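Below, each chain spelled out in residue letters.
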Amino acid sequence: MPTQIVLDHSGDTRHEFDAADLEALAKAEQRFKKLTGKGFTAATRMGPGEVAVVRVFAPTAQETLFYPRLVGG
Amino acid sequence: MLLFGARRPMGSRLQTLRELYASFIGENSPEARGRHLLRAWLSPIQLAQFDEHRYFDVVGCDTAKRYRINYGTAANVHELDGAGTPRVGWCFAPSARLVPGDVMLAQKIALETNENAVLAVANEFPPRMPFNR
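**Remarks on the nonpolar core**
In this structure, Phe66 of chain A together with Leu105, Ala106 and Val118 of chain B are the most contacted members of the largest nonpolar core, which totals 36 residues. Counting residues per element, this core draws most heavily on helix α4 (residues 100-113) of chain B, which supplies seven residues. For Leu105 of chain B, the residues in contact, after removing those within four places along its chain, are Leu37, Leu38 and Trp41 of chain B.

And the structure:
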């Protein structure tokens, strides 16, 4: 089942959704837009260790990871 | 059965329960969850490096330079020269407070997909010596 993984203080928070459920899909897309709108980067795994940043919601991606904006330390 | 077998004295049972609880908490702590997630997203080579040394190397997508991401949340990224020696340190991290595994995963993704942009916000620092190669 597709999962959105949001990195946070607890390690991560996971949101699974059924891509065939239109309501769940809309909610997942809304979450994607909300997080990326707040500056989170969304990324998916393309293969073992291979990652790609995604700019638009991909309903078929098995895992989409979100991390907060990066800043200089 | 194992925990509450009739022959186990009460103190021993409690000790076993304490150990199980500690193990459960340890494996489900934010730090452990972060490490688990990081391990799932590393390449086989990076994973082997991480398991052995608690660091892994990535190749920047824009310059093909090699970076070493050490276990930690700050000042933990070093750019390596051709000999594998740290040339310069780069300090950048997610703006929210995250556990080390999560920070390292974000740093890996950033360097592998958007190297120049992340270095534009990062701060340089001199590499510490001696450094694990």
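Once the structure has been displayed, the description carries forward.
**Thoughts on the confidence of the model for chain B**
Within chain B, residue pLDDT values average 89, and 85% of them lie at 70 or more. If you check the scores for this complex, the pTM reads 0.86 and the ipTM reads 0.96.

**Some words on the interface of chain B and chain A**
Taken together, the 31 residues of chain B in the interface contact 20 residues of chain A. If you list the elements that add at least two residues to the side of chain B that touches chain A, you get α2 (30-41), α3 (44-53), β4 (86-94), α4 and α5 (115-121) of chain B. Classifying every residue of the side of chain B that touches chain A by side-chain character gives 20 nonpolar, seven polar and four charged. As judged from the three bridges shared by strand β6 (residues 70-72) of chain A and β4 of chain B, these two strands associate in the antiparallel manner. What sits directly across from Gly72 of chain A, in β4 of chain B, is Phe92 of chain B.

**So, the sheet that holds strand β3 (residues 41-47) of chain A**
Backbone-to-backbone hydrogen bonds pair the strands of a sheet. The strands run either parallel or antiparallel. Pairing is mixed across the open sheet formed by five strands, whose spatial order is β2-β1-β5-β3-β4 (chain A). A single partner strand is all that each edge strand has here, and the edge strands are β2 (11-16) and β4 (50-53) of chain A. Within the sheet, the average angular offset between the axes of one strand and its neighbour, ignoring direction, is 30°. In this sheet, strand β5 (residues 63-67) of chain A lies alongside β3 of chain A in antiparallel orientation, the contact comprising four bridges. The residue bridging Ala43 of chain A from the neighbouring strand is Leu65 of chain A, located in β5 of chain A. Most of the contacts of helix α1 (residues 22-37) of chain A go to strand β1 (residues 3-8) of chain A, to which it runs at about 30°, and overall it touches β1, β2, β3 and β5 of chain A. α4 of chain B contacts β1, β2, β3, β4 and β5 of chain A of the sheet and is inclined by roughly 75° relative to β4 of chain A.

**Quick notes on the environment of Val103 of chain B**
Positionally, Val103 of chain B belongs in helix α4. For Val103 of chain B, the contacting residues outside a window of four places in its chain are Thr73, Ala93, Pro94 and Leu98 of chain B.

**Here's the deal with the pairing of β3 of chain A**
Residues and elements named next belong to chain A. Examined bridge by bridge, β3 and β4 share four bridges and lie antiparallel to one another. Paired with Ala43 across the strands is Val53, a residue of β4. Here β3 folds back onto β4, and the loop between the two strands holds two residues, one of which, Gly49, carries a positive phi near 80°.

**Here we look at unusual backbone geometry**
Peptide bonds are trans in most cases, and residues, glycine excluded, mostly fall at negative phi. All names here are of chain B. Of note, Arg54 is a non-glycine position whose phi angle comes to about 65°, a positive value. Inspection of the secondary structure puts Arg54 in the loop between α3 and β1 (55-59). Phi angles above zero are rare outside glycine, and Ala64 is one such case at about 65°. Its place among the elements puts Ala64 in the loop between β1 and β2 (66-70).

How each quantity is defined
Residues numbered from 1 in each chain as written. Chains lettered and ligands numbered in written order. Predicted model: local features only at pLDDT ≥ 70, side-chain atom pairs only at ≥ 80, totals over all residues. Core = buried A, V, L, I, M, F, W, Y, C linked by C-beta atoms within 7 Å. Buried ≥ 20, exposed ≤ 12 C-beta atoms within 10 Å, placed from the backbone. Helix = DSSP H or I, 4+ residues; strand = E, 2+ residues; numbered from the N terminus. Contact = placed C-beta atoms within 7 Å. pLDDT = per-residue confidence, 0-100. Nonpolar A, V, L, I, M, F, W, Y, C, P; charged D, E, K, R; others polar. Pairing = 2+ DSSP bridges. Axes fitted to C-alpha atoms, helices over the stretch in contact; angles between N-to-C directions.

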